[in-house]
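Listed below, chain by chain, are the residues.
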Amino acid sequence: MNDPAYGLRSEAGAFLQSDSDDYLLVEFWKPDYQPFVDYLNERISLKK
């Protein structure tokens, strides 16, 4: 619960629909989702 991703995910109401090698599909249930999207994009770019 101290992980920054946990707080960002909670604020966004993010729900993982699908996770594969080709794509990631996340559904957002709250309007404050952009910080979590930015976090995901940063993490994904680190893996390249």
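Residues numbered from 1 in each chain as written. Predicted model: local features only at pLDDT ≥ 70, side-chain atom pairs only at ≥ 80, totals over all residues. Heavy atoms only, no water.

A. A look at the overall build of the chain. Helices and strands together make up the secondary structure of the chain, namely two helices and two strands. Taken from N to C terminus, the helices and strands of the chain fall in the order α-β-β-α. Each principal axis of the C-alpha distribution contributes one length, and for the chain these read about 25 × 20 × 20 Å. Burial analysis of the chain (48 residues in total) assigns 12% to the buried set. Taking the contacts inside the chain whose residues are at least 6 apart along the sequence as the reference set, 20% of them involve residues at least 24 apart. A gap of 3 Å separates the mean positions of the 5 positive and 9 negative side-chain charges of the chain. (Helix = DSSP H or I, 4+ residues; strand = E, 2+ residues; numbered from the N terminus. Buried < 20%, exposed > 50% of the residue type's maximum accessible area, 1.4 Å probe, protein only. Contact = heavy atoms within 4.5 Å. Lys, Arg positive; Asp, Glu negative; His and termini not counted. Charge placed at Lys NZ, Arg CZ, Asp CG, Glu CD.)

B. Highlighting a nonpolar patch on the surface. Nonpolar side chains collect at one region of the surface, where Leu 16, Leu 24 and Ile 44 lie side by side and expose about 250 Å² of accessible area between them. As for its placement among the helices and strands, Ile 44 is situated in helix α2 (residues 34-46). (Patch = residues over 30% accessible without salt bridge, like charges linked within 9 Å, V, L, I, M, F, W, Y side chains within 5 Å. Areas by Shrake-Rupley, 256 points an atom, 1.4 Å probe, with all protein chains shown as cover. Salt bridge = Lys/Arg side-chain N within 4 Å of Asp/Glu carboxyl O.)

C. Geometry of the pairing of strand β1 (residues 14-19). Of the strand pairs in this sheet, β1 and strand β2 (residues 24-28) are connected by five bridges, and their pairing is antiparallel. Each bridged residue has a counterpart across the sheet, and for Ala 14 the counterpart in β2 is Phe 28. Linking β1 to β2, which pair antiparallel, is a turn of four residues. (Pairing = 2+ DSSP bridges.)

D. Fine view of the environment of Glu 11. Of note, Glu 11 is situated in helix α1 (residues 4-12). Residues Glu 11 and Lys 30, 19 residues apart in the sequence, show an inter-C-alpha distance of 7.1 Å. Once you skip the residues sitting within four places of it in the chain, Glu 11 turns out to touch Lys 30 and Asp 32.

E. Quick peek at the packing of aromatic side chains. Taken as a whole and judged by the stated rule, the model has four aromatic pairs. Ring geometry for Phe 36 and Tyr 39: centres 6.3 Å apart, planes at 15°, overall stacked. Residue Phe 36 and its partner Tyr 39 are both found in helix α2; the two are separated by three residues, about one turn of the helix. Assessed through its relative accessible area of 9%, Phe 36 is described here as buried. Note on Tyr 39: relative accessible area 23%, which makes it partly exposed. (Phe/Tyr/Trp six-rings, centres within 6.5 Å; stacked < 30°, edge-to-face > 60°.)

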